[in-house]
Amino acid sequence: MKTIYLWITNKGWKPFDFDAEQTKTLLKKKNIQIGYSAEIGDYAKIGDYAKIGDYAKIGDSAEIGGSE
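Summary of the structure given here. Treat the numbers as computed from the prediction; the structure is a model and nothing was measured.

### Regarding the packing of aromatic side chains
- For the coordinates displayed, the defined rule picks out two aromatic pairs.
- Ring centres 5.5 Å apart and planes at 75° place the aromatic pair W7 and W13 in the edge-to-face group.
- A residue is classified by how much of its surface remains accessible, and W7, at 36% relative accessible area, is partly exposed.
- On the numbers, 5.7 Å between centres and 85° between planes, the contact of Y36 with Y55 is edge-to-face. Here Y36 is found in the loop between β3 (33-34) and β4 (39-40), whereas its partner Y55 is found in the loop between β6 (51-52) and β7 (57-58), with 19 residues between them in sequence.
- Overall, the relative accessible area of 57% leaves Y36 in the exposed class.
- Exposure remark for Y55: the relative accessible area of 56% places this residue in the exposed category.

### What to know about the nonpolar core
- One finds I4, L6, I8, F16, L26, L27 and I32 forming the largest nonpolar core, which totals seven residues.
- Elements that contribute at least two residues to this core include exactly β1 (3-8) and α1 (21-29).
- For this core, the element with the most residues is β1, which contributes three residues.
- Setting aside residues up to four positions removed in sequence, I32 forms contacts with L6, L27, G47, D48, Y49 and A50.
- Ranked by size, the runner-up nonpolar core spans five residues in total, among them A44, I46, A50 and I52.

### Section: the pattern of salt bridges
- All told, the structure shown has two salt bridges when counted by the stated rule.
- The partner of K2 in a salt bridge is D19, and the shortest N-O contact between them spans 3.7 Å. In this pair, K2 sits in the segment before β1 while D19 sits in the loop between β2 (12-17) and α1, placing the two residues 17 residues apart along the sequence.
- A relative accessible area of 49% places K2 in the partly exposed class.
- Its relative accessible area of 40% is what places D19 among the partly exposed residues.

The rules we used
Residues numbered from 1 in each chain as written. Predicted model: local features only at pLDDT ≥ 70, side-chain atom pairs only at ≥ 80, totals over all residues. Heavy atoms only, no water. Phe/Tyr/Trp six-rings, centres within 6.5 Å; stacked < 30°, edge-to-face > 60°. Buried < 20%, exposed > 50% of the residue type's maximum accessible area, 1.4 Å probe, protein only. Helix = DSSP H or I, 4+ residues; strand = E, 2+ residues; numbered from the N terminus. Core = buried A, V, L, I, M, F, W, Y, C linked by side-chain atoms within 4.5 Å. Contact = heavy atoms within 4.5 Å. Salt bridge = Lys/Arg side-chain N within 4 Å of Asp/Glu carboxyl O.

Below is the structure:
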């Protein structure tokens, strides 16, 4: 299982199974797009409305702004 952590308002960071339909729905709701073969490092933080292109690499502990 691949796990992704998403920020949930008033609840903090929560883990989700990246391949689950619930997660795909939540990513779409938050308008987060992750491209083909993108790699995101440990502890990276990516805000709502972020777009990560194909083959992009985001290093460990990176922070990418969002709308919150």
